[in-house]
Structures are given as structure tokens and as C-alpha cells.
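Chain by chain, the residues run as shown.
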Protein chains: 2
Amino acid sequence: MPHAHEMPIETRLRHSGLRPTRQRVALADLLFAKGDRHLTVEELHEEAVTAGVPVSLATVYNTLHQFTEAGLIRVLAVESSKTYFDTNVSDHHHFFVEGENRVLDIPVSNIAIDNLPEPPEGMEIANVDVIIRLRPCRKD
Amino acid sequence: MPHAHEMPIETRLRHSGLRPTRQRVALADLLFAKGDRHLTVEELHEEAVTAGVPVSLATVYNTLHQFTEAGLIRVLAVESSKTYFDTNVSDHHHFFVEGENRVLDIPVSNIAIDNLPEPPEGMEIANVDVIIRLRPCRKD
DNA sequence: CTGTGTGCAAACTCTTTGCATAAGT
DNA sequence: ACTTATGCAAAGAGTTTGCACACAG
């Protein structure tokens, strides 16, 4: 189920220094209304237009980057052509369905990584991404 | 040290159905001569030109994809703008230095992943990628 | 009103493609 | 000779940017 948010979107935006404009509120609604999502800019833009919010593509790009900097969403590096944005910023990992280019959450409790290696001198770990790539089973 | 290869590059290419042309041999030499590497197309192209092999950018793209299909190298999805190629196709994971955009190998023996989740019905795991993103330590 | 945000179109980066020329076998 | 590869330039996808107009406070 979609997890309840602490405060209304307007307030969350304001706290991030973002004025709650029509477009930003509409995009945030689409992003956060239906639970955790994994979207490309193109997909969100299409949803917005379909939903009767004729936002421009450039604004979707800008907005998603602003949301990312504000920590409301995060970027996923699953394949090197499109950028995917994840509305779940908590610690978790992903399945990626090859061919379909679909991203699925893996609940963090399911994975344990042991023996995390020492980062090189002068570096610290910013974050650990695990991507499990899936393909259809071959039936033998 | 660079690990010894089983057969000369010419032969490896031929076994993959690739004619050992000047450009392909030169690129393979650059890729495999100095141990495991993580390169973008641009970087390899520049190396080749510097080394006196005036190969075109398009050919580097084509060649790296052919090598990838042949299983000689593999693609890394570390960030969604450039494609990185890894000359080490064995099972291992990566550090990614943010800011510098540098990729480093993590010896596989250092990481153990427990409780790999069940893939969804009809899917099987093709491969597991772990990317540990690094940033400079903050000195407090 | 004043300062931000938005939309559009143009620019930019990375990558792929088509076709004539060159190289491999 | 015959086939495949290469190079160039043009096209294509995704993304960013500059500037005039519109909106929020």
C-alpha cells in the first residue's frame, strides 16, 4: 500500500525551497499518489498530459532534478540510455527486467551484503546499489 | 599483473566470427594489454588515435558492441549518460567514484550477498550487479 | 509588483546508421 | 574476386539551456 506521507505535498515542496506551482504539485501528485514508482521523464510527461496537466517536457526534466536534489526522489542507473527516477528514497534494491525495461523494488530485508569492502584511502561509501537483472525463464 | 590469455587476440577474434582487422586487433590490444580496464568509447578512441591507430569513432562503437556480443567484454551501467565497458567478464562488482566518474573493480571474494530474493514468476536471474558509490571523505 | 517558474525551440551529447571506399581472405 | 569492415557525415534519441511570457507570493 502507498505509505502515508507526513505532510501535504505543498508543504513538502515549500520545505525544499520549491514554490508549489501547478506543474510541480501535479507532478508530485502523480509521483507519490500510487505508492512507489519507477519512471522515466517521458513516462511521467505522458501521464501528466493524459491527466490534463499540459506540462512541457523541459519542465518535467527540471522538476525531477529539483525533486532529486530535494531528496524527494532518487535517480536509478539501470541502463545507460534513459534515466529512471525512483519515488522510494529509502534503502532498498532493484530487479530490472531486461527487454521490458521494467524496474521492480526488492524489499531491503531480503538482501544482506556481507564483507563490504574497504573503500580506497580518502573515500567513503556514499551508497550501495544492487541491481538484479532478470530475463524470462527458458523452458527446457 | 595482466592475466595471461589463452590464445592470441587474432585467434580469439576469429573464434567469435570477427575478422581480425587492423582496427579490431589494435583496439583489442589496447583493451586487454594492461589488465582489467573500464573505458568509455570516447576514451578508447582517444587512446587509439594517440597510439597511432586512426580509427573512427563509429568503428569504436561498432567494435565494442561486437566484442560485447562475443563475450570478450561487458557493459557497465554505472550512470545514465555514458556507457562503460569492462574488460573483465568474470563475476565481480564495482566501486564508482562520483565526481571523477572512475570505475574500480571489487574482487568478488570480498562481497557475499545473502538471501538473494526469489525472482518473480517466469523470470530468472541473469546477473547481479553491485555498485558501491564513493565520495571523498569529509574531514570533520 | 518582483522574482521564480514555465514553455518553446534551439543546442548539445552520446550513439546509431547509410553508403561509398578500403581491407581481409 | 568476393565479402566484410571502415569512415564519414547525417540522423536519431535523450537531455539541457536561453529567453520571452506567465504565475506565485
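Per an unreviewed UniProt entry, chain A goes by Ferric uptake regulation protein and derives from Shinella curvata. In its Subcellular location (unreviewed entry) section, the UniProt entry covering chain A states "Cytoplasm". Quoted verbatim from the Subunit (unreviewed entry) field of the UniProt record, the comment on chain A reads "Homodimer."

Please explain the environment of B:Thr87 as it appears in this structure.
Residues and elements named next belong to chain B. Residue placement: Thr87 occurs in the loop between strand E3 (84-86) and strand E4 (93-97). For Thr87 and Asp129, which are 42 residues apart along the polypeptide, the C-alpha to C-alpha distance reads 15 Å. The residues touching Thr87, leaving out its near neighbours within four places in the chain, are Leu31, Phe32, Gly35, Asp36, Arg37, Leu72 and Ile73. Looking at Thr87, its side chain comes within polar contact range of the main-chain nitrogen of Arg37, at 2.8 Å.

I would appreciate a short explanation of helix H2 (residues 22-33) of chain A in the present structure.
Given 3.6 residues per helical turn, the α-helix brings residues three or four places apart onto the same face. Residues and elements named next belong to chain A. Compared with the 16 Å implied by 1.5 Å per residue over 12 residues, the 16 Å span of H2 between its first and last C-alpha is a close match. Three or more residues of H2 are buried, namely Arg24, Val25, Ala26, Leu27, Ala28, Leu30, Leu31 and Phe32. Looking at the residues trailing H2, positive phi occurs at Gly35, about 80°.

How should the protein's contact with DNA strand C be read in this particular structure?
Around DNA strand C, the structure places 21 residues, and the nearest of them are A:Thr21, A:Arg24, A:Thr59, B:Tyr61 and B:His65. For DNA strand C, the fraction of protein-proximal atoms (within 4 Å) that sit in sugar or phosphate groups is 80%. In the model, a phosphate oxygen of DNA strand C is placed 2.7 Å from a nitrogen or oxygen of the A:Thr59 side chain. Taking B:Tyr61, its side chain carries an N or O atom lying 2.7 Å from a phosphate oxygen of DNA strand C.

Procedures and definitions
Residues numbered from 1 in each chain as written. Chains lettered and ligands numbered in written order. Predicted model: local features only at pLDDT ≥ 70, side-chain atom pairs only at ≥ 80, totals over all residues. Heavy atoms only, no water. UniProt positions renumbered as here; feature names shortened; annotations may be inferred. Helix = DSSP H or I, 4+ residues; strand = E, 2+ residues; numbered from the N terminus. Contact = heavy atoms within 4.5 Å. Polar contact = N/O pair within 3.5 Å; in protein donor to acceptor, adjacent residues only side chain to side chain. Expected span 1.5 Å × (residues − 1). Buried < 20%, exposed > 50% of the residue type's maximum accessible area, 1.4 Å probe, protein only. Near = heavy atom within 4 Å.

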